[in-house]
Amino acid sequence: ELKAIDDRVREEVQRRLREKAVEEGKDKKPYLVHNLYCHICHYRRDSGIHFPCVNHKHVYCERHVVSRMGFKLGESLEAVTYCRICALECTCSSCRKALDVESVKLMRAEEEWNFCKKVTPDVKLEETES
């Protein structure tokens, strides 16, 4: 059973994934690529950008860098500090579906936690450092 997903849940999932993507990509830099498949249009393109992550398929072609990110190749490459695909900020259909799946998981986890708090109200959650 799939419930309606609140945009705030999607935003929270993206926030958590963005933090993880920034951390995982902190030692990596985006770079220009040639003759690779675009994540969005699935065509092999002459030029594109590889995001700062370990997944070699996380590439936008030049057309989608301009239309989805708002700059030209080589123009503001240093502004790309994390992988938008890993953070599920990409608006392609597969990323939107993945975002919905992760949002439902978060909603279910939250419902289980709220249920546990009702059943055992005197149990306190200890804060842990990440």
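Since the model is a prediction, treat every value here as computed from it, not as a measurement.

Caption draft 1: View of the packing of aromatic side chains. In this structure the tally under the stated criterion is one aromatic pair. Arranged with centres 4.9 Å apart and planes meeting at 85 degrees, the rings of Phe51 and Tyr60 form a pair that is edge-to-face. Like Tyr60, Phe51 is buried.

Caption draft 2: Here's a closer look at the sheet that holds strand β2 (residues 44-50). Spatial ordering of the open sheet is given by β1-β2-β3, a layout of three strands whose pairing is antiparallel. This sheet does not close on itself; its edge strands, each paired only once, are β1 (31-37) and β3 (59-61). This sheet shows a mean twist of 45 degrees between the axes of neighbouring strands, independent of strand direction. With six bridges joining them, β1 and β2 adopt antiparallel strand pairing. In the strand pairing of β2, Tyr31 is matched with His50. The strands that helix α2 (residues 62-69) touches are β2 and β3; relative to β3, the one it contacts most, it runs at about 95 degrees.

Scoring rules and cut-offs
Residues numbered from 1 in each chain as written. Predicted model: local features only at pLDDT ≥ 70, side-chain atom pairs only at ≥ 80, totals over all residues. Heavy atoms only, no water. Phe/Tyr/Trp six-rings, centres within 6.5 Å; stacked < 30°, edge-to-face > 60°. Buried < 20%, exposed > 50% of the residue type's maximum accessible area, 1.4 Å probe, protein only. Pairing = 2+ DSSP bridges. Helix = DSSP H or I, 4+ residues; strand = E, 2+ residues; numbered from the N terminus. Axes fitted to C-alpha atoms, helices over the stretch in contact; angles between N-to-C directions. Contact = heavy atoms within 4.5 Å.

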